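One-letter residues, chain by chain:
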Amino acid sequence: MSNYYTDHPEIEFHLNHPLMKRIVELKERDFADKDAFDDAPVNYEDAIENYKRMLDITGDIAANIIEPNAESVDQEGPHLENGRMIYASKTVENIEATRQAGLWGISMPRRYGGLNLPNTVFSMASELIASADAGFQNIWSLQSCIDTLYEFGTEEQRQKYIPRIAAGETMSMDLTEPDAGSDLQRVMLKATQDAHGTWRLNGVKRFITNGDSDIHLVLARSEDGTRDGRGLSMFIYDKKDGGVTVRHIENKLGIHGSPTCELVYKNAKCELCGDRKLGLIKYVMALMNGARLGIAAQSVGVEQEAYNEGLAYAKERAQFGKKIITFPAVYDMLSRMKAKLDAGRSLLYMTARYVDIYKALEDISRDRKLTPEERKEMKQYSKLADAFTPIAKGMNSEYANQNAYDAISIHGGSGFIMEYKSQRLFRDARIFSIYEGTTQLQVVAAVRYITNGTYLAIMKEMLEQPTVAMQPLQARVAKLVAHYEEVLNKVNADENQEEQDFLARRLYDMTAEIIMSLLIIADAEKAPELFEKSANVYVRMAEESVIGKAAYINSFDAADLKNFASEAKPEETEA
């Protein structure tokens, strides 16, 4: 039988990264749970074996239940009945299979019924499920919303809600509105307190993934007379309390199994989560960073499946008396798909490890005062996580689209036929670079780390890591870093904000491609049997891209902007 975890040893490679020892040490609090919980590990090796067992179970369910159900789910999709969303029948099977396997609430502490797994392992499970069905991964991975409730809710709320998620109840985050997409400061869903002090919600939310879930985290305007982010708070809505109906389920291009709902709140009872006025400023930022890492994992899963589909077809399909995998045009595409997959996966799990360390230290700080060394460590990894998350989400979502596109190209005309999986992967992947912040917004999130030299310092530090077999590739990347530093100095020296904004995407791509080159080189140094080919291909791709973008930026003058600027009339540019 197929298993999406054991079939791909590249995933387990990342489970053995040296930082995992620190992550396990922090997450397990020196294995304090071993005497109270039978399933708690007793040491590092035991923890890693626990992770492997969980991933093996997930890989089995993904390959043998979720993937075989995916076509039926795509065709049936969810539907609306009397103001309620009804999942596709096979989605219900998927949920039940993952519930029976204990794959819910997995990041939560054991005292609430969770498995206390680190984000890195959760991301691996997300990748496996997304490979099988990206739409179902949305439903399943939204359980990570409970992390925000755990971090900012009261102990009473933790006791009330976390065990329910661990038992398999579903979640959603209700942020977007008809007039507030990426600009969440414009959210106007109203939160008011009734005569008894109970909070009530009134208004409409739109584009809510898994919107008829059991437990919602809702961004709403709690402060009268405000129209910006300072008037927004976070609330917990329990479907059992009623007051919310589904008005519409969107008919989407892809991820058909994932219901995208328009919700109507009518005096819906809810609870304040955390402090007033911090909904957008603090809590949504935490929620979104977790969600963006989830989309990066979802993207890597589809990158893998698109590569699998392209490779399998190329091995079987014959033209002009030869299997098409022998044609340079085809194996060039396949090698690039694999290189993007391996480099993107390395970026994903490096980001997840950074998140794990600072989140674990943050959690420990709720129970005791951190030492000066721990505070310094938390600050270091928080900054790294903040810098790496937008490139992990942005680049992997773009790579998923590219790999899905190339999978169709390898299939030729058959790839355009609905009976082949490639077309579904292509349709599913398109949303990845849009939701949870478009790629353009990931650029905005990353650009300050570009211009202040944070990424450049990371590159230089990575170049200091010793290599033997991969040293020639590392030397080539060092030249790319020099090109990068040159154009960065040029853009900063120009001191033109509009020019910087215009060139930001090119700088972002260069940043990510160099960092991923260095990551895949490091992986190939440790496991050449898994990554040497991809390292060679990816570095060559990076050279092609980075050198070209450097030439573009070096020759660019702010006066050139007039050739690109919109010709819209002034009144057409105002909201």
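Residues numbered from 1 in each chain as written. Predicted model: local features only at pLDDT ≥ 70, side-chain atom pairs only at ≥ 80, totals over all residues. Heavy atoms only, no water.

Colleague: Is there a simple way to explain the packing of aromatic side chains in this structure?
Modeller: How two aromatic rings sit relative to each other is set out by the distance from centre to centre and by the angle between their planes. Summed over the entire model, instances satisfying the criterion amount to 17 aromatic pairs. With 6.2 Å between their ring centres and 80 degrees between their planes, tyrosine 313 and tyrosine 420 make a pair best called edge-to-face. Placement of tyrosine 313 in helix H9 (residues 279-316) and of tyrosine 420 in the loop between helix H11 (372-411) and helix H12 (421-429) is noted, with a sequence separation of 107 residues between them. Where phenylalanine 556 meets phenylalanine 564, the ring centres are 6.2 Å apart and the plane angle is 40 degrees; that geometry is what we call tilted. Given the relative accessible area of 6%, phenylalanine 556 is considered buried. (Phe/Tyr/Trp six-rings, centres within 6.5 Å; stacked < 30°, edge-to-face > 60°. Helix = DSSP H or I, 4+ residues; strand = E, 2+ residues; numbered from the N terminus. Buried < 20%, exposed > 50% of the residue type's maximum accessible area, 1.4 Å probe, protein only.)

Colleague: So what exactly am I meant to see when it comes to the environment of lysine 240 here?
Modeller: If you trace the backbone, lysine 240 turns up in the loop between strand S7 (232-238) and strand S8 (244-249). By relative accessible area, which is 64% here, lysine 240 ends up exposed. Here lysine 240 is in contact with Arg164 and Glu169, once residues within four sequence places are set aside. (Contact = heavy atoms within 4.5 Å.)

Colleague: Just to check I follow, could you spell out unusual backbone geometry for this structure?
Modeller: With the exception of glycine, most residues fall at negative phi, and the peptide bonds are largely trans. One non-glycine residue, phenylalanine 31, lies in the positive phi region at around 65 degrees. Here phenylalanine 31 lies in the loop between helix H2 (19-27) and helix H3 (44-76). The backbone phi angle of glutamate 495 is positive, close to 50 degrees, even though this residue is not glycine. Secondary-structure assignment places glutamate 495 in the loop between helix H15 (471-494) and helix H16 (497-526).

Colleague: Before we go on, may I ask you to explain the nonpolar core in this structure?
Modeller: Across soluble globular proteins, nonpolar side chains show a tendency to be buried alongside one another. The biggest cluster of nonpolar side chains holds 130 residues, and the ones touching the most others in it are Leu201 and Tyr455. Of all the elements, helix H10 (residues 328-364) adds the most residues to this core, at 15 residues. Once residues lying within four places of it in the same chain are set aside, the contact partners of tyrosine 455 are Ala387, Pro390, Ile391, Ala446, Tyr449, Ile450, Tyr484, Thr511 and Ile515. Tyr161, Met173, Leu287 and Ala291 belong to the second largest nonpolar core, which has 31 residues in total. (Core = buried A, V, L, I, M, F, W, Y, C linked by side-chain atoms within 4.5 Å.)

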